[in-house]
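Descriptive analysis of the structure
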Amino acid sequence: MRRSSTFARQVLLVRVGRRDGDAVTGTDLVTPDRRWSDRQRRRYGRYEAEVEAVMPVSPALGPATPVDESPAMSIPLLPGERTAARRAKFALVNACTLSSLMLGMLAIFLAMQSEVRIAALCLIACVAFDGLDGALARKLNVASPFGAQMDSLADMCSFGLAAPVVVYASLAGSVPPAAAAVACALVAACAAIRLARFNVSPKDGRFFCGVPTTMAAAVLALTVAIGVPVSGLVMVAGVALLAFAMVSSFPYAKLARLVKLPPWLWLAPVVGALVDIRLTFALVVVGYLVSGPVLWLRQRHTA
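Report follows, based on the coordinates. (Residues numbered from 1 in each chain as written. Predicted model: local features only at pLDDT ≥ 70, side-chain atom pairs only at ≥ 80, totals over all residues. Heavy atoms only, no water.)

Looking at the overall build of the chain
Per the secondary structure count, the chain includes 11 helices and 2 strands. When the helices and strands of the chain are placed in sequence order, the string is α-α-α-α-α-α-β-α-α-β-α-α-α. For the chain, with 303 residues in total, the buried portion stands at 32%. Across the chain, every contact between residues at least 6 apart in sequence was considered, and the portion connecting residues at least 24 apart equals 73%. Put simply, the chain shows about 19,200 Å² of open surface, and 68% of that area lies on carbon and sulfur atoms. (Helix = DSSP H or I, 4+ residues; strand = E, 2+ residues; numbered from the N terminus. Buried < 20%, exposed > 50% of the residue type's maximum accessible area, 1.4 Å probe, protein only. Contact = heavy atoms within 4.5 Å. Areas by Shrake-Rupley, 256 points an atom, 1.4 Å probe, with all protein chains shown as cover.)

Below is the structure:
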């Protein structure tokens, strides 16, 4: 009892106010008298814990968070000089992109009504508008990051969604629905991967890395439009192969490079199209798909 009462006196006897003529600070609010500590140490031969300071803490006050009051900055959609003429050109280019998007939506609606041939023609028109907007943007000098993102989103709608929907509608009744659904879902997934990879990858002026989504959609649309005479299972396998070709690392020549081929190479497809357009189209598609692995092996051999 004596020890506990002594310790209680030690805690209660605090010095409040000025110390050695200095102003009161936050650390001087509760400070035990050191004389009592020395007396306890001499009397009991032990050291009692001292309370150095008691700081008042308010739980209602949290850490101050700086508030950013700077005004929001708007990024112009069209960089450079913003004249009326350039804005009109910019609007024309984006109108082509939106036309491709709208035609893709129309192709989906037509496919839902079993008008697969007309839907395939809408997809071919999407391919035409997709090539037109890029060419106009470069020619009119209104290319912008906004236009590139718009083009990518429109491609995903027209070529990543509308094209597999049209193919699925064309396969109705000829193959099991599950097989057609898996093959068309692969096209949508691989198109999304292909477009995302294209946006963040360095550009090569000679080759594509994988089959571009535009060309894949054109192949699917032409296959449905001209009615290539193949069985349903072969069609499903071809759709799945085309989907994997989009996300492959094989180099495929761009259209500008193909146009520069010798004229006699173009003579055979033209003559073949006059004889049997379906067979010629199938051979051209197979030849283009095989060219990627061939070029890849050639590059590895020469490296």
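Looking at the side chain of serine 248
Looking at the element boundaries, serine 248 is found in the loop between helix H8 (232-246) and strand S2 (251-253). In terms of polar contacts, serine 248 uses its side chain to reach the backbone carbonyl oxygen of alanine 245, at 2.8 Å. Contacts of serine 248, omitting those with residues within four sequence positions, involve Arg197, Cys209 and Gly210. (Polar contact = N/O pair within 3.5 Å; in protein donor to acceptor, adjacent residues only side chain to side chain.)

Section: the packing of helix H10 (residues 263-275) against helix H11 (residues 277-302)
Between two packed helices, both the angle of their axes relative to each other and the distance between the axes serve to describe the pair. One way to put it is that H10 packs onto H11 with a least axis distance of 6 Å and a crossing angle of 145°. In contact with Pro269, Gly272, Ala273 and Val275 of H10, H11 contributes Ile277, Thr280 and Val284. Looking at the contact of H10 with H11, its residues break down into 5 nonpolar, 2 polar and no charged. (Axes fitted to C-alpha atoms, helices over the stretch in contact; angles between N-to-C directions. Nonpolar A, V, L, I, M, F, W, Y, C, P; charged D, E, K, R; others polar.)

What to know about the layout of surface pockets
Here the second largest pocket defines a volume of roughly 460 Å³. Contributing to the lining of the second largest pocket are 23 residues, with Val219, Gly238, Val285, Val286 and Leu289 lying nearest its centre. At the level of secondary structure, the elements contributing two or more residues to the lining of the second largest pocket comprise helix H7 (213-226), H8 and H11. Ranked by residue count, the leading element in the lining of the second largest pocket is H8, at 8 residues. Residues of the lining of the second largest pocket, tallied by class, amount to 20 nonpolar, 3 polar and no charged. (1 Å grid on protein atoms, 1.4 Å probe; cavity = no way out; pocket = protein on both sides within 12 Å on 5 of 7 lines; lining within 4 Å. Points joined across faces, edges and corners; volume = space filled by probe spheres on them.)

Observations concerning unusual backbone geometry
Positive phi, normally seen in glycine, also occurs at serine 114, with a value near 65°. Within the element layout of this structure, serine 114 appears in the loop between helix H3 (84-112) and helix H4 (116-139). Note on serine 114: relative accessible area 59%, which makes it exposed. Notably, asparagine 141 is not glycine yet its phi reads approximately 60°, a positive angle.

Describing H11
Helix length check: H11, at 26 residues, gives a terminal C-alpha distance of 37 Å against a target of 38 Å (1.5 Å per residue), a fit within 8%. Of all the bends found along H11, the most pronounced is centred on serine 291 and spans about 25°, while proline 293, a proline, follows it within four residues. The elements touched by buried residues of H11 are H7, H8, S2, helix H9 (255-259) and H10. (Expected span 1.5 Å × (residues − 1). Bend = angle between axes of the 7 residues up to and from the residue.)

A word on helix H5 (residues 145-170)
For H5, with 26 residues, the first-to-last C-alpha span of 36 Å sits near the 38 Å given by 1.5 Å per residue. Of all the bends in H5, the greatest, near 30°, is centred on alanine 162, and the proline proline 164 appears no more than four residues after it.

Some remarks on the side chain of threonine 97
Tracing the sequence through the fold places threonine 97 in helix H3. Judged by its relative accessible area of 3%, threonine 97 falls in the buried class. Among the polar contacts made by the side chain of threonine 97, one reaches the side chain of aspartate 133 at a distance of 2.8 Å.

Concerning the packing of H7 against H11
Close contact between H7 and H11 brings their axes to 11 Å; oriented N to C, the two are set at 160°. By the criterion of interaxial angle, the relationship of H7 to H11 is roughly antiparallel. Seen along the crossing, H7 lies across H11 with a hand that is left-handed. Across the interface between the two elements, Met215, Val219, Leu222, Thr223 and Ile226 from H7 touch Arg278, Phe281, Val285 and Tyr288 from H11. (Parallel < 35°, antiparallel > 145°, perpendicular 65-115°, else oblique. Left-handed = near helix turned anticlockwise from the far one by under 90°.)

Concerning the packing of aromatic side chains
A full pass over the atoms with the stated rule returns 3 aromatic pairs. When the centroid spacing of 5.7 Å and the interplanar angle of 65° are considered together, the rings of phenylalanine 250 and tryptophan 296 count as edge-to-face. Taken together, the positions of phenylalanine 250 in the loop between H8 and S2 and tryptophan 296 in helix H11 put the pair 46 residues apart, joining distant regions of the chain. Judged by relative accessible area, phenylalanine 250 falls into the partly exposed class, the value being 27%. Its end group placed over the ring of phenylalanine 208, lysine 254 keeps NZ or CZ at 5.1 Å from the ring centre. (Phe/Tyr/Trp six-rings, centres within 6.5 Å; stacked < 30°, edge-to-face > 60°. Lys NZ or Arg CZ within 6 Å of the ring centre and 35° of its normal.)

Structural notes on the environment of valine 290
Tracing the chain through its elements places valine 290 in helix H11. Placed 38 residues apart in sequence, valine 290 and tyrosine 252 show a C-alpha to C-alpha distance of 9.4 Å.

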